[in-house]
Amino acid sequence: MGLDFIDRSLRTTGIVLLIFLPFGLYYFGVYPTIAVLSGTVWAMFNIMLLSKLIRSVIRPEGVENIGPVLVVLVLFVLLFAAGYFLLTIPQFDPMCLLIGFTGLFAIMFLKAVGRWLTNADEQSSNTRNIQKVL
């Protein structure tokens, strides 16, 4: 799996969230649906910032100067404070927030299992090897 796995997982999570939104509003109500939506958006921002942090620290050219510091400040100060305040909102059930927080990871897990079951990584490496020979 390449670096685009995270981007594809974020895209898939956004699409699943948009599909869930009208059904969630109808079947579960406004506050539980907004809690799941908020938790999933929080998890998406968390993964985006962690990905940015890792990509700016582990590079062939070396560590960027100011980028990782800004990402860490935003990640730990703003994002985790927002996560704390999401948990303190009385209308949001913590279980709904937990479903939102882990929804992205469930999609990433299912995508990885799907790639493993279909041997997609081996097929793409075989295709690259054939293209190199030609």
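Everything below is about the structure shown above.
Quick look at the structure, then. Per chain, residues are indexed from 1 in the order of the written sequence. In view of the model being predicted, local features appear only for residues whose pLDDT reaches at least 70, and side-chain atom pairs are presented and counted only at 80 or more, with totals across whole chains, interfaces and linings using the full set of residues. Only hydrogens and water are removed before side-chain values are computed, so all heavy atoms of the structure are retained for them.

1. Notes on the overall build of the protein
Heads up, the condition is: Secondary structure is summarised from DSSP: a helix means a run of H or I of at least four residues, a strand means a run of E of at least two, and numbering begins at the N terminus for each. Three exposure classes are used, based on accessible area relative to the maximum for each residue type with a 1.4 Å probe and protein chains only: buried under 20%, partly exposed in between, and exposed over 50%. In this description, contact between two residues means that some pair of their heavy atoms is separated by no more than 4.5 Å.
The helix and strand tally for the protein stands at five helices and zero strands. Beginning at the N terminus, the succession of helices and strands in the protein can be written as α-α-α-α-α. Evaluated residue by residue, the protein yields a buried proportion of 28% over its 134 residues. In the protein, the share of contacts with a sequence separation of at least 24, taken over all contacts with a separation of at least 6, comes to 71%.

2. Regarding the pattern of salt bridges
Cut-off, in case you're wondering: One speaks of a salt bridge when a side-chain nitrogen belonging to Lys or Arg is within 4 Å of a carboxyl oxygen belonging to Asp or Glu.
Counted under the stated rule, the structure contains one salt bridge. Taking the shortest distance from any N to any O, the salt bridge between D4 and R8 comes out at 3.4 Å. Residue D4 and its partner R8 are both found in helix α1 (residues 4–27); the two are separated by four residues, about one turn of the helix.

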